[in-house]
Structure formats: C-alpha cells, structure tokens
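Below are the chains, spelled out letter by letter.
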Protein chains: 2
Amino acid sequence: MARSAAVASPSPWTRPLGRGSREGAAIKRDAVLRAAAQLFNEKGYHATSLDMVAERLSVTKPTLYYYVASKEEILFECVRLGLELMRSAIAAAAASGGSAYDKLQAAMHEYALIVTMDFGMCLIRVGEDPLAPASRKQLRRLKAQIDHEFRTLVEQGIAEGSLAPCDAKLAGFTLAGALSWIGRWYDPAGASSAEDIARHSIALLMRGLSPREEGPA
Amino acid sequence: MARSAAVASPSPWTRPLGRGSREGAAIKRDAVLRAAAQLFNEKGYHATSLDMVAERLSVTKPTLYYYVASKEEILFECVRLGLELMRSAIAAAAASGGSAYDKLQAAMHEYALIVTMDFGMCLIRVGEDPLAPASRKQLRRLKAQIDHEFRTLVEQGIAEGSLAPCDAKLAGFTLAGALSWIGRWYDPAGASSAEDIARHSIALLMRGLSPREEGPA
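Here goes a summary of the coordinates provided. (Residues numbered from 1 in each chain as written. Chains lettered and ligands numbered in written order. Predicted model: local features only at pLDDT ≥ 70, side-chain atom pairs only at ≥ 80, totals over all residues. Heavy atoms only, no water.)

**Focus: the overall build of chain A**
Each helix and strand in chain A was counted, giving nine helices and zero strands. Listing the helices and strands of chain A from first to last along the sequence gives α-α-α-α-α-α-α-α-α. Residue burial in chain A is summarised as follows: out of 217 residues, 51% are buried. Residue pairs in contact within chain A that sit at least 24 positions apart in sequence constitute 71% of those at least 6 positions apart. For chain A, the accessible area works out to roughly 9300 Å², and carbon and sulfur atoms hold 53% of it. (Helix = DSSP H or I, 4+ residues; strand = E, 2+ residues; numbered from the N terminus. Buried < 20%, exposed > 50% of the residue type's maximum accessible area, 1.4 Å probe, protein only. Contact = heavy atoms within 4.5 Å. Areas by Shrake-Rupley, 256 points an atom, 1.4 Å probe, with all protein chains shown as cover.)

**Focus: the state of the cysteines**
Under the definition given, this model contains zero disulfides over all chains. Summary of cysteine pairing: A:Cys122 is not part of a disulfide, and the nearest cysteine sulfur, belonging to A:Cys78, is at 4.7 Å. (Disulfide = S-S within 2.5 Å.)

**Remarks on the interface of chain B and chain A**
Residue-level contacts link 40 residues of chain B with 40 residues of chain A. For the chain B and chain A pair, buried surface summed over both sides reaches about 3500 Å², with 56% attributable to carbon and sulfur atoms. Inspection of the region where chain B meets chain A yields zero salt bridges. At the junction of chain B and chain A, the tally comes to 15 residue pairs in polar contact (both at pLDDT 80 or more). Within the residue set of the side of chain B that touches chain A, elements represented by two or more residues are helix H1 (22–43), helix H7 (133–160), helix H8 (168–185) and helix H9 (194–209) of chain B. The leading source of residues in the side of chain B that touches chain A is H8(B), at eleven residues. Residue classes in the side of chain B that touches chain A are distributed as 18 nonpolar, eleven polar and eleven charged. (Buried area = accessible area lost by both parts, 1.4 Å probe. Salt bridge = Lys/Arg side-chain N within 4 Å of Asp/Glu carboxyl O. Polar contact = N/O pair within 3.5 Å; in protein donor to acceptor, adjacent residues only side chain to side chain. Nonpolar A, V, L, I, M, F, W, Y, C, P; charged D, E, K, R; others polar.)

**Thoughts on the packing of helix H4 (residues 71–95) of chain B against helix H6 (residues 118–125) of chain B**
All names here are of chain B. Two numbers describe how H4 lies on H6: the axes approach to 7 Å, and their chain directions differ by 110 degrees. Comparing their axes, H6 and H4 come out roughly perpendicular. As H4 runs across H6, the sense of the crossing is left-handed. Contact residues: H4 offers Leu75, Cys78, Val79, Leu81, Gly82, Leu83 and Met86, while H6 offers Phe119, Gly120, Cys122 and Leu123. The residue makeup of the contact of H4 with H6, split by class, is nine nonpolar, two polar and no charged. (Axes fitted to C-alpha atoms, helices over the stretch in contact; angles between N-to-C directions. Parallel < 35°, antiparallel > 145°, perpendicular 65-115°, else oblique. Left-handed = near helix turned anticlockwise from the far one by under 90°.)

**Section: the pattern of salt bridges**
Going through the model one piece at a time under the given rule, you end up with 24 salt bridges over all chains. For the salt bridge of A:Asp196 with A:Arg199, the shortest nitrogen-to-oxygen distance reads 3.0 Å. Of this pair, A:Asp196 and A:Arg199 both sit in helix H9 (residues 194–209), three residues apart, which is roughly one turn of the helix. For A:Asp196, a relative accessible area of 36% puts it in the partly exposed group. Accessibility expressed as a relative area gives 49% for A:Arg199, which makes it partly exposed. One salt bridge in this structure joins B:Lys61 and B:Asp51, with 3.6 Å as the shortest N-O distance. Taken as a pair, B:Lys61 in helix H3 (residues 61–64) and B:Asp51 in helix H2 (residues 50–57) lie far apart in primary sequence, ten residues in all. The class of B:Asp51 is partly exposed, set by a relative accessible area of 44%.

**Some points on the relation of the copies chain B and chain A**
With an RMSD of 0.0 Å, the operation that places chain B on chain A is a rotation of 180 degrees combined with a shift of 0.0 Å along the axis. Considering both components of the superposition, the chain copies are consistent with a two-fold axis. A shared binding surface is used by both copies, with 100% of the interface residues of chain B retained as interface residues in chain A. (Least-squares fit on C-alpha atoms with pLDDT ≥ 70 in both.)

**Regarding helix H5 (residues 100–114) of chain A**
All names here are of chain A. The terminal C-alpha atoms of H5 lie 21 Å apart, and with 15 residues this matches the ideal 21 Å at 1.5 Å per residue to within 8%. Residues of H5 that are buried: Ala100, Tyr101, Lys103, Leu104, Ala107, Met108, Tyr111, Ala112, Leu113 and Ile114. Packing partners of the buried residues in H5 comprise helix H4 (71–95), helix H6 (118–125), helix H7 (133–160), helix H8 (168–185) and H9. (Expected span 1.5 Å × (residues − 1).)

**Comments concerning the nonpolar core**
If you look at the biggest cluster of nonpolar residues, it comprises 140 residues, and the most contacted ones within it are A:Leu104 and B:Leu104. When residues no more than four places from it in sequence are discounted, the contact partners of B:Leu104 are B:Phe150, B:Leu153, B:Val154, B:Leu163, B:Leu175, B:Met206 and B:Leu209. (Core = buried A, V, L, I, M, F, W, Y, C linked by side-chain atoms within 4.5 Å.)

**Things to note about the packing of aromatic side chains**
For the structure on display, the rule yields nine aromatic pairs over all chains. Ring centres of A:Phe173 and B:Trp185 lie 3.9 Å apart, and the angle between their planes is 15 degrees; on these two criteria the pair is classed as stacked. Of this pair, A:Phe173 sits in helix H8 while B:Trp185 is found in helix H8, placing the two residues in two different chains. Summarising the burial analysis for this pair, A:Phe173 and B:Trp185 share the class buried. With a centroid separation of 6.3 Å and an interplanar angle of 80 degrees, the aromatic rings of A:Trp181 and B:Trp181 are classed as edge-to-face. You can see A:Trp181 sitting in helix H8 and its partner B:Trp181 sitting in helix H8, one on each of two chains. B:Trp181 matches A:Trp181 in its accessibility class, with the two residues each being buried. (Phe/Tyr/Trp six-rings, centres within 6.5 Å; stacked < 30°, edge-to-face > 60°.)

Quick look at the structure:
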C-alpha cells in the first residue's frame, strides 16, 4: 500500500523479464493499467489516448493490445481494482481484533490512503460513468458492498456504545464521501502528505460520530 | 432552491411563450441545459446523446442547436451553473448576520441541497473531466473560490472559539467532500429527503468541528 499516485512506474518493457512468461505478462498488464490510471488521473479520461499510455511505457500501441482490448476495458479494470483494494482492506480491518470503533477507524484509514493511489484515485476521479451500462452495474455492485461494510461498522459502534446513536446508513455515506473526496483534490506534490490528510479528516469524522461527553477522545 | 433533480421539467416548447422573444429564448435555453443535466445524472454523460435531450423536450435536434452549440458546451454550462449556485449561496450565507459557526452551518446546508439538484448534481456526478483543458481550468478556478469560502468560515469559527482549532484547509475539504458525495448517491425516490440527509450529515460534521466539551451542541 506504499505506492503513491505521483510515481510514474518504470516500464517493465525496459527490464529483462522472461519474455512470454506468465509472470512477465501479468506484470506488464499491471503496468499498462497503472500507467493508464496515472494519465486518467492527471489529464482526465477523455483527454488520454492509448498512444499516450504506450508512450509513457516506451512501447508501441500494438504492444498494448496484447494486454488490453480497449480504453474502456482499461478503465473498467482500473476502477474494479480500486474497488477491490478498498473492499479487501475494509474487510481486513473489520476482521481484525478490537472494538468496532477501532475497526471503523482502521477501515477509514485504509480507504483514505487508497484514494490517493493510482487505482483508488481513478475510481474517484473518473469512476464508472464512461462505461457501458453492464459494466457500470457490475462496478456499482462492488461499491454497494463497500457502503454496506461501513454501515455495519457504524452500527456495531453504536451497539457497543463507542459511537453516538445515529442513522448508520447516512453516517456511512458521510464518511465515505468525506474520504472519497480526498482522491479528488489530493496533490502528491502538495503541502500535506496522504497520511496527514487521512489522520486529520478521520479525527474530525470520529469526533463527529462519538458520544458528546464520554466517547474515546 | 426547491426544484429537485427528480422532476423532469415540462418542455417550454409545449407552452406558448412569445416565440422569438428574448425571455422565451432564455427559458428555452435553461430547459435544454436542465433536461441535459437530468439525463447526464441519470444515464451518465457518455451514454447521453443530444437526440435524447431533444426527445425529452419534444423538439427536433436542429432546434437544440439554436440554443447550444454542442454537448460539451452544455456540460460546461451545467457545471458552471452548479458552481455559480454554490458560490452565490455560500457568499450569501457568509454575508448574513450571526456567528461564523452559524454562517458555516448555513453555507453547508445550501451546498448539500444544491448537490441534490440538477446542475449541482451534474457538477458532482459528471464534473469537468470530459471537457477541454481551457474549460476545465476555468471551472477549477470557480471550484477553488468555493473551497476558499469554506476555509475562511472555518478559520473564522476557530478565531471566535466556536470551532476547535484545526487545519482549516483540510477541514474545509473534508466538509466539502462529505457534502459533495451526497450528490453521488442521493436518490430522489429513496427513503431520505435531501433535507434529512443534509441535516444529518451537517450535524455529524459540526460535532466533529466543535470543541470537545463546551461547543454549541
């Protein structure tokens, strides 16, 4: 989870990688998706062409087509990967020991960091809008699972008394919204690190969720 | 500020309006933009064609071109109008009497409602991504003004002691993010009204911003 959105990864085509090996193919496909996500995040989806992706990786466009069928397929995979990262990070936080309060805070932390990384940022900045209805539907199902995880953690926090009673669904959306938005404005070259931003936003939100007098500080 | 995103407005071409009058032209242009924003919000920008906009208004596509030059121009105007609504609502809240706390809360309320309406929702759901760089830059300048208004209100709240000391820039982004996200998931046919959602999210955020022991409840 250390890779920042700012770093343009080196092209795996410039390193020897066991040409034709299955591992090499997976690494190269990942590099195509990552380079595309970075360009989508910087320039916008529409302004990004496959020529630019090929150029960033120092390969020809026909080479790209060995790994991906189209710009739409790339976007679908980038958004799906962003959602999968979130889903598994939140599930891991929810499965960890500790109180619901701690789990929620850990899940929010993961979420906030993921939206500052290539695929998570692409999920927020571009999202599924440019895709065909069937693809959009599939991605929205994944999103709904994430919303559900947040809501469940809020409900558990209320049940254990660490969070003030509230509408858990609306609270979950408020948290996800505040954290998602970080992916919109986060600038890796800016004054605040992703870690600082995450900590600050989460502190504000957890204070908002906590019981007024006696909650965890 | 009463018009919900759910209501498909009646086409002004079906009512007598003083054909060729300047007022009639402005009303019709607004109807084109509004119908397009509704379709963008429902189906996505890419999946929406000018034929669909014309159909929704019961006019021919050539009639649309009397009011707008292209789908890109429509999106630019929809996003610009959404931002203008926000900017003027926040400026009005900031210029009203009362404490910075009250002004911030009022500005957040306006913001939350605007993102559930046609142009505000289009700003959040589609945004400037599909547009050319010059247009995107212009819209981002407007966005930056809104961020600045929020930050200023947070700074004033800290100065007057109604808000806990914090990084006002990051807090402003967190507020704007949480409220913006409402425009992503708000469903006019859903269980919660825009007003309920706004009140709930804002209560959570204001609690998060308030000093721990002695702030306004």
